[in-house]
There are 8 protein chains.
Amino acid sequence: LFNSLANGEIPMPDVLIVMGSQSDAGTMKHARDTLDDLGITHDERITSAHRTPERMVEVIKGAEGEGFKVIIAGAGGSAHLPGMAASETILPVYAVVPQSSSSILNDIAGVFSNIQMPAGVPLGYLGLSKAGATNAALLAARTLALADPELRERLRAWIANQADAVPKKPDFTKV
Amino acid sequence: LFNSLANGEIPMPDVLIVMGSQSDAGTMKHARDTLDDLGITHDERITSAHRTPERMVEVIKGAEGEGFKVIIAGAGGSAHLPGMAASETILPVYAVVPQSSSSILNDIAGVFSNIQMPAGVPLGYLGLSKAGATNAALLAARTLALADPELRERLRAWIANQADAVPKKPDFTKV
Amino acid sequence: LFNSLANGEIPMPDVLIVMGSQSDAGTMKHARDTLDDLGITHDERITSAHRTPERMVEVIKGAEGEGFKVIIAGAGGSAHLPGMAASETILPVYAVVPQSSSSILNDIAGVFSNIQMPAGVPLGYLGLSKAGATNAALLAARTLALADPELRERLRAWIANQADAVPKKPDFTKV
Amino acid sequence: LFNSLANGEIPMPDVLIVMGSQSDAGTMKHARDTLDDLGITHDERITSAHRTPERMVEVIKGAEGEGFKVIIAGAGGSAHLPGMAASETILPVYAVVPQSSSSILNDIAGVFSNIQMPAGVPLGYLGLSKAGATNAALLAARTLALADPELRERLRAWIANQADAVPKKPDFTKV
Amino acid sequence: LFNSLANGEIPMPDVLIVMGSQSDAGTMKHARDTLDDLGITHDERITSAHRTPERMVEVIKGAEGEGFKVIIAGAGGSAHLPGMAASETILPVYAVVPQSSSSILNDIAGVFSNIQMPAGVPLGYLGLSKAGATNAALLAARTLALADPELRERLRAWIANQADAVPKKPDFTKV
Amino acid sequence: LFNSLANGEIPMPDVLIVMGSQSDAGTMKHARDTLDDLGITHDERITSAHRTPERMVEVIKGAEGEGFKVIIAGAGGSAHLPGMAASETILPVYAVVPQSSSSILNDIAGVFSNIQMPAGVPLGYLGLSKAGATNAALLAARTLALADPELRERLRAWIANQADAVPKKPDFTKV
Amino acid sequence: LFNSLANGEIPMPDVLIVMGSQSDAGTMKHARDTLDDLGITHDERITSAHRTPERMVEVIKGAEGEGFKVIIAGAGGSAHLPGMAASETILPVYAVVPQSSSSILNDIAGVFSNIQMPAGVPLGYLGLSKAGATNAALLAARTLALADPELRERLRAWIANQADAVPKKPDFTKV
Amino acid sequence: LFNSLANGEIPMPDVLIVMGSQSDAGTMKHARDTLDDLGITHDERITSAHRTPERMVEVIKGAEGEGFKVIIAGAGGSAHLPGMAASETILPVYAVVPQSSSSILNDIAGVFSNIQMPAGVPLGYLGLSKAGATNAALLAARTLALADPELRERLRAWIANQADAVPKKPDFTKV
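Before going into details, it helps to say that this report is about the structure given with it. Given the structure is predicted, the values throughout are model-derived calculations rather than measurements.

Rules behind the numbers
Residues numbered from 1 in each chain as written. Chains lettered and ligands numbered in written order. Predicted model: local features only at pLDDT ≥ 70, side-chain atom pairs only at ≥ 80, totals over all residues. Heavy atoms only, no water. Least-squares fit on C-alpha atoms with pLDDT ≥ 70 in both. Contact = heavy atoms within 4.5 Å. Buried area = accessible area lost by both parts, 1.4 Å probe. Salt bridge = Lys/Arg side-chain N within 4 Å of Asp/Glu carboxyl O. Polar contact = N/O pair within 3.5 Å; in protein donor to acceptor, adjacent residues only side chain to side chain. Helix = DSSP H or I, 4+ residues; strand = E, 2+ residues; numbered from the N terminus. Axes fitted to C-alpha atoms, helices over the stretch in contact; angles between N-to-C directions. Parallel < 35°, antiparallel > 145°, perpendicular 65-115°, else oblique. Left-handed = near helix turned anticlockwise from the far one by under 90°. Buried < 20%, exposed > 50% of the residue type's maximum accessible area, 1.4 Å probe, protein only. Lys, Arg positive; Asp, Glu negative; His and termini not counted. Nonpolar A, V, L, I, M, F, W, Y, C, P; charged D, E, K, R; others polar. 1 Å grid on protein atoms, 1.4 Å probe; cavity = no way out; pocket = protein on both sides within 12 Å on 5 of 7 lines; lining within 4 Å. Points joined across faces, edges and corners; volume = space filled by probe spheres on them.

Further remarks concern the relation of the copies chain C and chain A. When chain C is fitted onto chain A, the two copies agree to an RMSD of 0.0 Å after a turn of 180° and an axial shift of 0.0 Å. Such values leave the two copies arranged in the relation of a two-fold axis. When you check the interface residues of chain C against chain A, 100% turn up at the interface there too, and the contact is symmetric in its surfaces.

Okay, the interface of chain C and chain F next. On the chain F side, the residues contacting the 18 residues of chain C number 17 residues. Approximately 1500 Å² of surface area, both sides summed, lies buried where chain C meets chain F, with 69% of it carried by carbon and sulfur atoms. Of all residues in chain C, Gln22(C), Arg51(C) and Leu105(C) give up the largest surface area on contact with chain F, accounting jointly for 34% of the area buried on that side. Remark: the boundary between chain C and chain F carries 1 salt bridge. Where Lys169(F) meets Asp43(C), a salt bridge forms, and the shortest distance between an N and an O atom there is 2.5 Å. At the surface where chain C touches chain F, the tally comes to 6 residue pairs in polar contact (both at pLDDT 80 or more). Residue assignment for the side of chain C that touches chain F shows that the elements contributing at least two residues are helix 1 (25-37), strand 2 (42-46) and helix 4 (104-115) of chain C. Broken down by element, the side of chain C that touches chain F gets its largest block of residues, 5 residues, from helix 1 of chain C.

A few words now on the arrangement of the chains. Regarding chain A and chain G, which are not in contact, the minimum distance between any of their C-alpha atoms is 11 Å. Nothing in chain B touches chain H; the tightest C-alpha to C-alpha distance between them is still 15 Å.

A word on the packing of helix 2 (residues 53-66) of chain C against helix 3 (residues 81-88) of chain C. A pair of packed helices is captured by two measures, namely the crossing angle of their axes and the spacing between those axes. Residues and elements named next belong to chain C. Their axes nearest at 9 Å, the elements helix 2 and helix 3 cross at an angle of 50°. Here helix 2 lies oblique to helix 3, going by the angle between them. The handedness of the crossing between helix 2 and helix 3 is right-handed. Residues Met 56, Val 57, Ile 60 and Lys 61 of helix 2 form the contact with helix 3, whose participating residues are Leu 81, Met 84, Ala 85 and Glu 88.

Turning our eyes to something else, we now look at the side chain of Asp24(G). Residue and element names in this part refer to chain G. For Asp 24, the location among the structural elements is in the loop between strand 1 (15-19) and helix 1 (25-37). Although Asp 24 is buried, it makes no salt bridge; Arg 51 carries the closest opposite charge, 6.7 Å away. Excluding anything up to four places from it in sequence, Asp 24 contacts Met 19, Gly 74, Ala 75 and Pro 98.

This part covers the pattern of salt bridges. Considering all chains together, one arrives at 88 salt bridges over all chains under this definition. Notably, a salt bridge pairs Lys174(A) with Asp171(A), separated by 3.9 Å at the nearest N-O pair. Looking at Lys174(A), the relative accessible area reads 65%, which means it is exposed. Assessed through its relative accessible area of 25%, Asp171(A) is described here as partly exposed. The partner of Lys61(H) in a salt bridge is Glu54(C), with the nearest N and O atoms 2.9 Å apart. With Lys61(H) in helix 2 (residues 53-66) and Glu54(C) in helix 2, the pair connects residues from two separate chains. Each of Asp43(A), Arg45(A), Glu66(A) and Lys169(D) takes part in a single network of salt bridges with overlapping partners.

Of the transformation placing chain C onto chain F, the axial shift is 0.0 Å and the rotation is 90°, giving an RMSD of 0.0 Å. Both copies of the chain, as the preceding transformation shows, are related through a four-fold rotation axis. Of every C-alpha in chain C, the one belonging to Ile104(C) sits nearest the axis of rotation, 5.5 Å from it.

To continue, consider the environment of Ser113(H). Relative to the elements of secondary structure, Ser113(H) occurs in helix 4 (residues 104-115). The exposure class assigned to Ser113(H) is buried, which follows from its relative accessible area of 0%. Distance from Ser113(H) to Leu144(H), taken between C-alpha atoms, is 26 Å for residues 31 residues apart in sequence. With near-sequence residues (within four places) excluded, Ser113(H) lies in contact with Ser78(C), His80(C), Phe112(C), Ser113(C), Gly77(H), Ser78(H) and Ala79(H). Among the polar contacts made by the side chain of Ser113(H), one reaches the main-chain carbonyl oxygen of Ala109(H) at a distance of 2.7 Å.

Listed per partner, the contact involves 39 residues of chain C and 39 residues of chain A. Summing the contributions of chain C and of chain A, the shared interface buries around 3400 Å²; its carbon and sulfur component is 62%. The shortest N-O distance in the salt bridge between Arg152(A) and Glu64(C) comes to 2.7 Å. The tally of links between chain C and chain A comes to 20 residue pairs in polar contact (both at pLDDT 80 or more). Per-element accounting of the side of chain C that touches chain A gives the leading share, 7 residues, to helix 5 (residues 129-145) of chain C. Of the residues belonging to the side of chain C that touches chain A, the class tally is 25 nonpolar, 9 polar and 5 charged.

Our focus in this paragraph is empty space enclosed by the protein. Under the defined criterion, the tally for this structure stands at 4 cavities of 30 Å³ or more. Quantified by volume, the largest cavity comes out at close to 1000 Å³. Around the largest cavity sit 39 residues that line it, and Ile108(A), Ile108(D), Ile108(E), Ile108(G) and Ile108(H) are the ones nearest its centre. Here the lining of the largest cavity takes 6 residues from helix 4 (residues 104-115) of chain B, the largest share from any one element. Broken down by class, the residue content of the lining of the largest cavity amounts to 38 nonpolar, no polar and 1 charged.

Given below as structure tokens:
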């Protein structure tokens, strides 16, 4: 259960990162790296809503039983993986659109395939590319931190570091 | 098999019309009516990619075995039913977006959720609302007519009637 | 703390619904009603990022201390409330855009003001209007259910009811 | 007729690929290659709706008589070739937009010139660029497979191969 | 020839207004009325690029021989009539998109189907709805006035009247 | 000069509101009313960049000499009045797009005709419709308040009133 | 006057190409080259609606008196030159948007600044970049050919050459 | 106070340029350079609405007291800095969107996050990238020139120089 982190057992990974293809890995790595920074356990799978629909159902339906608590799903173009994931689980699902290298129309399709879900199947859309993937991990962290005071502190520190890293004056010699 | 129409058996319906909810029925009726006009048999089902994902898989996966030859799928918003249907069958799938009564952003989402499918899972997009539904039926008719010379003649007649119905001069008294 | 629901105390409300103005209440009511359906406690506040920026900071910064666990934020046009909320708290923030009665450009502005947050400040975007508000409540429920097995069961029942409510056949007499 | 593949005659090519100019050939080659992979016969022609309108009418009107069963049409910008093809034949016509090397506005024009056909003239839109061309070939294959059990098996194998080629885990060392 | 207006013969109508269907007549009437205001002769025809492609070719190809000097073409959705007209004649062709009563996506399709013509086939796009139709007539008038000094004077008077009709102060009691 | 308000003379109006036609008056009235609320003097003129270009030049070029300090310009569709105003004066020019009653494409055209001015000719874009007109007046007020401490106090009071008018809780009985 | 070509005088140039800046020359050169190909005389001027508004009025107002018959106007971003030209002359004005090297938003602004002109001021929009400039020249040629049978023959030859240059088969070895 | 320029004191800088991150400095430098050209004093700060919200409030709220008269704010993506600035001060705020190096969707988000502010909080939007930043500085100059006759003359000279720099003829040898 959710308090397994507190009682000394080896925890199952908390976050499942799924993506539609290997070409999404470059973007989704930012989610993984951010989870690592925050000490959050995770696993990654590739499964395509379109090319491997049965495996997708298996992976998503199995996630809760495997002990995952949050799913981060990334897919581009007419992206159905995040929305289908949201319909096959009751875990929170956070969507990312890996930016297309070929056409902005792919990105527009990715965004709109995620942001107008019908009432009844919630999908939290986090954004495009690196920013989207990083933020999906951070939202997963905020979600998990609700029951994990230590993670909450690590998250506070991460945010404070981020604020400290913002310079107070622009450096025009570097532009 | 495909030549069942020629050998006197009672044919199974040829076209399966699936839609995500009852609210799509107003649009999808135009597909049904056009199929009726052309003497094409059909059946209709509601199944939601998001709210009834298991039933969707069942309905779509079963369609080929039930003897259907073409699937027409209609769904709006972040519309995943047509694309998921294309990934769960090897029958031709033709997509329609029932126009949203609430927001044009729903229609934009519907269009882009259908028109940027990844390579490997073909989905023929026919259009929005009445025109899209009518044309999905007509493309189903063209598809079925490849093996059905009588349907081909009915289709030719339909097209000729349509051309005849175009007046040669506008009537400005009616505007 | 998070396990207050388990130990018999009177729980603080779990979800804070903030909105930019009274005109957003019609949409945000769908979030409230969905939370009520699931037995989730909540409170609502109006605070405008633009017209009452100081109060906004107070309300959002105070939410964690008041015991809220999730924030649902709704604002339209150049919508800054959800993003600013995400930057003033470490609770999960879920954004909704109440549909504008005046111009679709307001809705486009609302969507894009929410979906391209910079890396570091996660905002989960749920959608427009009634569907968005309902889904924001459902994502809040999924989030809270991670630590609340009873809520998880209520949520499962809600989802099952929703699936059961999907008719199997369209009724063309009603269109 | 349609069963010519079964009775040992040398079949006429089944699929006609038409495109508006030589510059579309790079995209349309993906349709050709996919048809080759599936053992589907084809021929290719260039004919421009705008620069050679008479030849376009000749080519399209003649396609049925030449024994073609499906037409794949590719054109960009204010793309009229696919829609005009659909109006000059009763064969199924599948549209592809070769991605423009000059401006995204060309691609937007290509998409919208194809996806809002008036009721009465069905055009199945498959998508942009390589994905669109590949999928047009796959939809042609699904269409032809309705009357060709051997093609149906080759198509099933193609789909299974595609599924097998999806790795189960992302390889982050390759990004 | 073009100087027939100067030598006393009964002139053939100068402007051919073509439209895709009777439903376009409400918009195209504004072109007709403006031509009437300026004393320019005209005729109107309905011919659909999609539903009556052969008649379209006939009408457009015949226009030059019938003595028309300018063609105004109106069509909506994936509008191919204006562009096809431009490719079937060497007369100037001016395009109008009658505003759709059903969906803004129809208007967007109409605009983009007209404004990205390939190099080699010029189509002058004038705009949407009443303003587009009125301006198509005015551009026809400017075109014809190049060889018709009297029309040029009528046009100058029309422009002066239009300027005089602009009030110098807004009347806020009327809003 | 600018300090005329301080020395007892009767001041010339400070703000010139120009609009392209009477149909813009409904929107621009919100600018006028807001100026009145703040005790800022103003005058209004109609002048069309397209239908009365000479008068437009006269009005705008004359504004500085007449003693105006800020120009608010409103025009829709392919809106050239605000940008031309900015190029014919060195006073600050603030643009508003009155929302079109006919097509969202008019509003999109209005926005983009104002927001991508070339370097060298600054145009401050304030927004669409009532919100844009109100905000243009408020920005004029902020501009004038730089040299008018009393106006600055009236503006502070206006802002405080606005904040006070935001209710703290939504009233769901009114939706 | 318009018949000067017939009476042996040295003709004034027929087409005035105006553009907003030197950076537009790369695009507008395609208009010039096409006019040269067709033996149409022309002159070019730079004049900015925004940076040199007085000179713009002079150039455009003077065009008719200088003997020009058609104006081709090119400008990008919030492009006011073509529309202002249309309002300062009664000659036909054809608009081109030189493609921006910096942002697609500039091109969108250019298009919408040209295509939604108010009723009363006609502007024929020809398109973006090289295709737009070439087509503006071709529409000028069609316009001038109405009174110039020799130009009409040269234009017919140009069109025939263009058709002949379209290959009948794609060459896949060149892609 | 505002008259400090008149009484011989060392003036505080007049314009505060704020930006969300160092990556905006390349764009905002154009504002700084233009202010320098016009002899306008300025200071620059980095402060992020999202990553350093408290510092943002401090910087913006303090600007008036520090003697700044105009604020230029630049931020991209879901850009909240300019709008929040406008809500935290009564100084005029002019917004710029630094063009994104990653995705046009970031620029669209930046534009729409700025141009649909609610009534009550005025934000003058100047544009994208270099043109936007230059124009923000020029609008600041126009604003300050209202009370500074010498600046007004420098601004007139700048505008005249700009007009003189526009060549009268394009140079086609340079394209």
